[in-house]
Every structure is written in C-alpha cells, then in structure tokens.
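Architecture and fold: a report
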Amino acid sequence: MSQELIYLLLIFGLLVIPRFLQQFKLPAPLTCLAFGVVAALIIGKPVEDGVVALMASLGISSLFLFAGLEVDPKALRKGWKQLVIHLVARSASLAVVAWLSWRYAGLSWQAAALLALALLTPSTGFIIDTLGRLGLDTKEQFWVTNKAIAGELLALAALFVVLQSASPPLEMLGSTLALLAMLVGLPLLFIALGRWVLPHSPGAEFSLLVMVGVIAAYVTHLIGVHDLVGAFVTGLVARLLRQRMPTLASHDNLHAVRLFASFFVPFYFFYSGTKVPAGALSLGALGVGLALTAVVLPLRVGLLALQRKLTFGESFRTGLRIGTALAPTLIFTLVLAGVLRERFAIPDALFGGLLLYATLTTLLPSLVFRTPFDVDPVETAPERYAPAAGGAAATLLAPGASEFHQERVRAAAPPAQDSGPLPEDADRTDRTA
C-alpha cells in the first residue's frame, strides 16, 4: 500500500469515524487516542512519522491559539472576586496534591507539581464545547466557562515556572527574558503587520495569525516550555488587541482558526496514542487509574460544590452540577503525562493511570447528564456562523467565552429556567448579567 493512500485512510479514519461514534456518548478525542494506541500495538513500536508529528504539533498549537483568542477579559472581570477565591482554592489544592505526591510517591518536587496540574486542571476547551448540551442554566454556564478559563491561565503560568525551575539558573534567566521579550514583541509585531502588510493584502489576517502562533509555539519549545504556551499567548495578545485591530480576532478569523485546528487536532490525539508504551496498558496502570479516579474526582467535584455553597449560598446540587461539568481534564492530563514521561521518567503504570483518569473524567459529564454528543452540533447554530466544512471543529475542539460560542450555546441549549442574577449583581434591577 502506498504511503499516500495510508495518509488518506488516516485522515478519513480520524475525521469521520470519531464523529460517527459520538452518538454513543464517546468523545471524539478519546476515539482518536484509542486509534493511536491500537496502531502502536499493531506495528509493535511507536509511530515515527514526520508528517504525522508535524500535523500533531500544528493541532495542539492551533488548539491553544484558538483558546487564547477565546479568552474574554470582560467576562473575567465580571466575576473577578469569585474567580480570585476560586484560584486561591485551586492553588491550595495544587499545593496539597503536589506535596502528597512528593512525600509519598517519591517524585521530585517539579514532577509532583506537574502531576498535581495533570490531575486538577480542567480541559477548558472540551468542557465549554459541551455546555450547550448539558442542560445547564445561564448562570451555571457562566461560572463553568470562566472558572475553567481562569484555571487554565493559572495552570499555564505554573507550567512555565515548574519547567524552568528544573533548568540551570542562567538558562532559566535566559528563558524568562525570552518569554518577556515575546510578550512585548508580539503586540508590536501584530501592529507592524497591521500597518504595513494587511492594508496591501486584504483577508490575510488568518494566515498571519496562524504564522505568528506557530512561530511563538516554536520559540517556547526552544526555551524548554511546551509549544502550547507560545500559541496560547499569541491568541491572548491578539484578543487584547481586538479594539485596535478588530479584524485580527474577528468572528470570521475565529471561525477560520477553529476550522484549521479542527483538521489537525485529531492527529495530536492519534500521535499521543502511538506514544503509549505497552507497560501503560498493564493491570498495574488500571489499578492506578481507578485509584486516582476514585480518590481525586469525588474530592474535586465535592470541594467545588462546598466552596460554592459557602461562598454563594447555592444548593449543593447546583454546585455538584458545576463541579461535574468541570471534571474533564483530557488535554492537560495528556500533555503533562507526556512531559512527565519524557523529562522525569515516571513509571509506565503511573503514565497509563493518568491516561485512564483523563478518559474517565472526560466521560463523566455525558454519563451523569445523560446527554448524547451531537455528531454535528454546529449545524444547529445560526446560519451566518455555519461552517463551510461541516462541524468537525465542534466535535474535536473547544471554544471559550466568545460571542461566536455564545451564539452556538443559545442555539443548541434546551430552554432553561433562569436561576437569578449573578452574585455580584444582586443589587441590580436588570438581568443582563
């Protein structure tokens, strides 16, 4: 069989079959991951293919580029007091889990910190993409969205610090200065492109945005941080420049980046699956994964429900619904499990246990809320946002809090009773929050 035909079959298998299986409540990323594991078992060794590796890198980079574009500063400011409380509680829980891992699992403090991030960081994109189909009301969707985004921002900052702390002091200083230079240089680069390039090439905003995102991802890779950090920062900077350069993070550009990522993201999950060693599929890994799920998952959901009851006076049932919606950790667990295996040589049983934990937490919302995953949920969105290439982005990719996503949520969500104004708006007479 020719290599070209193999690539065509792979593209068909990763873009069509996972979407078909979503009607059985099986998330498409998990199907792609399973395909990668099966392929590695059949071949008998990890798949070493430059084309697949490049497509996987484009997938994770474009995914976090889109995630950065989806951050809505206004929404974060709306509930900043409650989000600060949430981040303090999240930081405390990360510190406790990291200490326990360091004390009893025999891990270095850097590996223990990454393990804590892998267990506690929600997969923001995947979570928000399912909100419209979980039956949550408007207030619940608001808090799930913004708590997930705030948690992701905290995790990315912690990821940079932890990974750099393992480097020599001079290298750490150089990497920090490089990141600061990138933070300063990206806005200047976008403004320069907007002044001298875009006026002469209308419609080039998408290609320039993706180009800058890929370059930033490569820069963070060179300084010893994961590619996703540079891509996310690029998207966030573009979003913050929206008032000055409205076409850079416009609806059309968001949609274009979304479609671009939807094609490549399945290759990231597939490629990650091909890197799973045989030892990660053992009974020991099964035991570790079930133990982590049985201990960590109820604590995550229960503590969040308790926090909301003490902070807002909400019913415990409402807090449990929000906690369950925030349960999936697929992307961060998958990324950090790979980092832990490559840089800190964690045992295969722990690596496999993390993958099982990510799988079970990702399946939880669809099982608890008994809501099937739509094969093509974008088809129900307003016509002006309907994608030209179908809904692959909606099934494999996750938006945040942008207007584009809100339109999709309003179109897909079942009618829900308004549960009242947000806590910080209790003294207002309108209900616009």
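Quick caveat, the model's predicted, so the values are computed rather than measured.

**A closer look at the nonpolar core**
- Counting 109 residues, the largest nonpolar core has Phe 64, Leu 114, Phe 190 and Leu 354 as the members making the most contacts within it.
- Among the elements that make up this core, the one with the highest residue count is helix 9 (residues 138-165) (12 residues).
- Residues within four places of Phe 64 in sequence aside, it is in contact with Glu 152, Leu 228, Ala 231, Phe 232, Ile 331 and Phe 332.

**A short note on unusual backbone geometry**
- A positive phi angle, near 50°, is found at Ala 345, a position not held by glycine.
- Residue placement: Ala 345 occurs in the loop between helix 16 (330-344) and helix 17 (348-368).

**Some words on the environment of Trp 99**
- By the secondary structure assignment, Trp 99 is in helix 6 (residues 80-104).
- When the C-alpha atoms of Trp 99 and Ala 112 are compared, they prove to be 7.1 Å apart, with 13 residues separating the residues in sequence.

**Some thoughts on the environment of Leu 355**
- Topologically, Leu 355 is positioned in helix 17.
- Excluding residues within four positions of it along the chain, Leu 355 makes contact with Val 276 and Leu 334.

**Description of the pattern of salt bridges**
- Taken as a whole and judged by the stated rule, the model has 3 salt bridges.
- Among the ionic pairs, Asp 348 bridges to Arg 341, the shortest N-O distance being 3.8 Å.
- Given the relative accessible area of 32%, Arg 341 is considered partly exposed.

**Describing the packing of helix 9 against helix 12 (residues 227-240)**
- Taken N-terminus to C-terminus, the directions of helix 9 and helix 12 make an angle of 130°; their axes are 10 Å apart at the nearest point. Relative to helix 12, helix 9 is oriented oblique. In this structure, helix 9 crosses over helix 12, and the sense of that crossing is left-handed. Side by side, helix 9 and helix 12 meet where Glu 152, Leu 153, Leu 156 and Leu 159 of the first sit next to Leu 228, Val 229 and Phe 232 of the second.
- Of the residues assigned to the contact of helix 9 with helix 12, the class counts are 6 nonpolar, no polar and 1 charged.

Calculation criteria
- Every chain begins its residue count from 1, and numbering advances along the sequence as written.
- Side-chain atom pairs in this predicted model are given and counted only at pLDDT of 80 or more, local residue features only at pLDDT of at least 70, and totals for whole chains, interfaces and linings cover all residues.
- Calculation of side-chain values draws on the structure's entire complement of heavy atoms; hydrogens and water are dropped beforehand.
- Residue types Ala, Val, Leu, Ile, Met, Phe, Trp, Tyr and Cys, when buried and joined through side-chain atoms within 4.5 Å, form a set referred to as a nonpolar core.
- Three labels apply to residues, based on accessible area from a 1.4 Å probe with only protein chains included: buried if under 20% of the type maximum, exposed if over 50%, partly exposed otherwise in between.
- Put simply, DSSP marks the helices as runs of H or I at least four residues long and the strands as runs of E at least two long, and each gets a number from the N terminus on.
- Contacts between residues were defined by any pair of non-hydrogen atoms, one from each residue, lying within 4.5 Å.
- Every case where a carboxyl oxygen of Asp or Glu lies within 4 Å of a side-chain nitrogen of Lys or Arg is listed as a salt bridge.
- Between N-to-C directions, angles cover 0 to 180 degrees, with each direction set by a line fitted to C-alpha atoms, over the stretch in contact for helices.
- By the definition adopted for this analysis, an angle is roughly parallel if under 35 degrees, roughly antiparallel if over 145, roughly perpendicular if from 65 to 115, and oblique otherwise.
- Here is the rule for handedness: rotate from the far helix to the near one, and if that takes an anticlockwise turn smaller than a right angle the crossing is left-handed, while a clockwise turn gives right-handed.
- Three residue categories are used. Nonpolar comprises Ala, Val, Leu, Ile, Met, Phe, Trp, Tyr, Cys and Pro, charged comprises Asp, Glu, Lys and Arg, and polar comprises the others, including Gly.

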